Amino acid sequence: MVIENNLLRRHDQESIDRVENGFRVGPLAEAVRSAPTLETRRGLSKSEFEQQYREQLRPVVLAGFAQDWTSVQTWSPEHLAARCGDAEVTMDSVRGTPSRRVAFAEFVELMKANEGDAEPLHLQEWYYQTNAPQLAAELPELDIAQYDFRRNLYGEKASTNHQLWVGQRGGITRLHQDSYMVDVMHVQIFGTKRWYVMGPEAKLGADADGEPDFAALVAAEDTRLHHFDLKPGDVLYLPANWYHRIELLSNSIGLGRKCLDEKNLAMHIRQRMNEMLALILNYDEVARTHPELVPVLLTRSRAWANRMDLDLSRLRP
Ligand SMILES: O=C(O)CCC(=O)C(=O)O
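The structure reproduced in this document is the subject of the present report. (Residues numbered from 1 in each chain as written. Predicted model: local features only at pLDDT ≥ 70, side-chain atom pairs only at ≥ 80, totals over all residues. Heavy atoms only, no water.)

### Observations concerning the overall build of the protein chain
This is how it is decided: Strands are runs of DSSP state E lasting at least 2 residues, helices are runs of H or I lasting at least 4, and numbering of each runs from the N terminus. Only the C-alpha atoms count toward the radius of gyration. The rule for a globule is 2.2 Å times the residue count to the power 0.38. Working definition: with a 1.4 Å probe on protein chains only, accessible area under 20% of the residue-type maximum means buried, over 50% means exposed, and in between means partly exposed. Whether two residues are in contact is decided by their heavy atoms: any pair within 4.5 Å suffices. Per-residue and other accessible areas were derived by the Shrake-Rupley procedure at a 1.4 Å probe size, with only the shown protein chains allowed to occlude residues. Counted as positive: Lys and Arg. Counted as negative: Asp and Glu. His and the chain ends are not counted at all. Charge positions are represented by NZ for Lys, CZ for Arg, CG for Asp and CD for Glu.
In terms of helices and strands, the protein chain carries 13 helices and 13 strands. Over its C-alpha trace the protein chain gives a radius of gyration of 20 Å, about what one expects of a compact globule, namely 20 Å for 317 residues. Along the first, second and third principal axes, the C-alpha set of the protein chain runs to 55 × 55 × 45 Å. The buried share of the protein chain, reckoned over its 317 residues, is 49%. In the protein chain, of all internal contacts separated by at least 6 residues, the share reaching a separation of at least 24 is 78%. Surface accessibility of the protein chain: about 15,900 Å² in total, with carbon and sulfur atoms responsible for 50%. Placing the 37 positive and 46 negative side-chain charges of the protein chain at their respective mean positions leaves the two points 3 Å apart.

### A few points about the site of the ligand
Keep this limit in mind: One heavy atom suffices: a residue is near a molecule or strand as soon as one of its heavy atoms comes within 4 Å of it. By the criterion applied in these results, polar contacts are pairs of N or O atoms within 3.5 Å in which, for protein atoms, one can donate a hydrogen and the other can accept it, and in which residues neighboring in sequence qualify only through two side-chain atoms. Classes in brief: Ala, Val, Leu, Ile, Met, Phe, Trp, Tyr, Cys and Pro nonpolar; Asp, Glu, Lys and Arg charged; the others, Gly included, polar.
Around the ligand, the neighbouring residues are W165, T173, H176, D178, V184, H186, K193, W195, H244, I246, G256 and K258. Contact between the ligand and K193: an oxygen atom at 2.7 Å from a side-chain N or O atom of the residue. With respect to the ligand, the side chain of K258 contributes an N or O atom lying 2.5 Å from an oxygen atom. If the ligand stood free it would expose 300 Å²; the protein chains cover 100% of that surface. Breaking the shell around the ligand down by element, the ones donating at least two residues are strand 7 (172–176), strand 8 (183–190), strand 9 (193–198), strand 12 (243–248) and strand 13 (252–259). Residues belonging to the shell around the ligand are distributed by class as follows: 4 nonpolar, 5 polar and 3 charged.

### A word on the side chain of R150
Within the element layout of this structure, R150 appears in helix 8 (residues 150–154). A polar contact is formed between the side chain of R150 and the backbone oxygen of K258, at a distance of 2.9 Å. Once residues within four sequence positions are removed from consideration, R150 is found in contact with G155, S159, N161, V182, K258, L260 and W304.

### Side note on helix 13 (residues 294–307)
Inclusion rule: Expected span, for any helix, means 1.5 Å times one less than how many residues it has.
Taking 1.5 Å per residue as the helical rise, helix 13 with its 14 residues ought to reach 20 Å, and the 20 Å between its terminal C-alpha atoms agrees with that figure. V294, L297, S301, W304, A305 and R307 are the residues of helix 13 that are buried. Phi turns positive one or two residues past the end of helix 13, at D309, with a value near 55°.

### Considerations on the packing of aromatic side chains
Test applied: Pairing of aromatic rings covers Phe, Tyr and Trp, the last counted by its six-membered ring, and requires centre-to-centre distances within 6.5 Å; plane angles under 30 degrees mean stacked, over 60 mean edge-to-face, and any other angle means tilted. Cation placement over rings: the criterion is NZ of Lys or CZ of Arg within 6 Å of the ring centroid and within 35° of the ring normal.
On inspection of all chains with the given rule, the structure shows 6 aromatic pairs. Judged by centre distance (5.1 Å) and plane angle (25°), the rings of F104 and W126 are stacked. Placement of F104 in helix 6 (residues 104–113) and of W126 in strand 5 (residues 122–126) is noted, with a sequence separation of 22 residues between them. Of the residues examined, F104 reaches a relative accessible area of 0% and is grouped as buried. Of the residues examined, W126 reaches a relative accessible area of 4% and is grouped as buried. When the ring of Y154 is compared with that of W304, the centres are 4.4 Å apart and the planes differ by 45°; the resulting orientation is tilted. Placement of Y154 in helix 8 and of W304 in helix 13 is noted, with a sequence separation of 150 residues between them. Of the two residues, Y154 and W304, neither departs from the other in class, the shared state being buried. Among the aromatic residues, ring-to-ring pairing joins F104, F107 and W126 into one connected group. Its guanidinium or amino end placed over the ring of Y196, R245 lies 5.1 Å from that ring's centre, counting from NZ or CZ. Positioned above the aromatic ring of Y180 is the side chain of R272, whose terminal nitrogen or guanidinium carbon lies 4.8 Å from the ring centre.

Now the structure itself:
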């Protein structure tokens with residue numbers, strides 16, 4: 001088995017905890033405080049976005065790009081509880097914490113009862129279109145996101161699997177890269193989130209004592225560490241494979257949507273095939289070496305099959 005040398009890319013709990021700890025104390029925590037903010041543009045046209053950012057793989061914050069959305073102007077956790085309180089959601093699905101299925105209204109009640117020093121509650125990756133599709137009208141398509149090639153690959157349904165992220169001040173989404181070479185296009189709807197991002201080449205190796213070498217990480221030019229705050233109406237574009245970690249500065253609602261750039265198509269397919277072939281042809285080893293990932297991969301594959309209306313009992317439809 002090949003061991004992943006870059007700690008930022010490992011999925012085991014110990015590595016995730018070590019990276020998270022690096023954001024709290026030591027050289028990375030210090031570097032973050034003086035890290036530059038991400039380039040921010042206001043009033044950018046679609047063609048300017050295409051030429052100056054997407055084609056050049058440059059991340060950018062589009063300030064106020066979604067400021068006219070009804071959701072940005074009217075939503076709050078309480079507002080959503082009144083609109084779709086019965087929808088079942090998975091609370092605290094953050095890695096390492098036990099998750100729990102609750103009705104959305106209950107989640108909001110628990111948030112209210114949980115003010116103070118308690119561990120913040122977080123609802124991550126709520127695929128709201130499955131059980132609260134009425135919300136979609138207030139989260140309109142972004143013209144700058146039309147390039148999402150997943151429509152051509154999987155059909156309209158599978159390409160609109162946007163997620164809502166709803167959480168409480170202090171909540172954290174730990175550093176990760178998104179799978180399958182998709183770009184991040186995140187819309188901040190309510191509250192403020194602080195993002196920490198690093199370029200796809202960022203590498204965290206071990207020092208002479210076998211400890212994570214955060215000093216080397218922050219010294220390397222490739223790391224491209226930035227931090228910035230996303231406010232209601234702002235849209236973030238992060239090209240594929242940029243690492244991101246998020247801290248909720250207040251109670252927050254964000255819309256996570258992904259876009260597959262056609263130039264990443266081959267790598268996207270390769271990753272999905274790798275995943276599926278490993279599960280089919282090498283299940284025992286995958287289950288032994290990545291026990292935490294197996295249920296996630298199975299769930300994801302089932303969700304894709306479902307959205308693509310595949311009949312899994314037949315090989316040729
Ligand atoms: O908002 C968050 O906490 C995480 C969002 C995220 O990781 C994404 O949109 O890719």
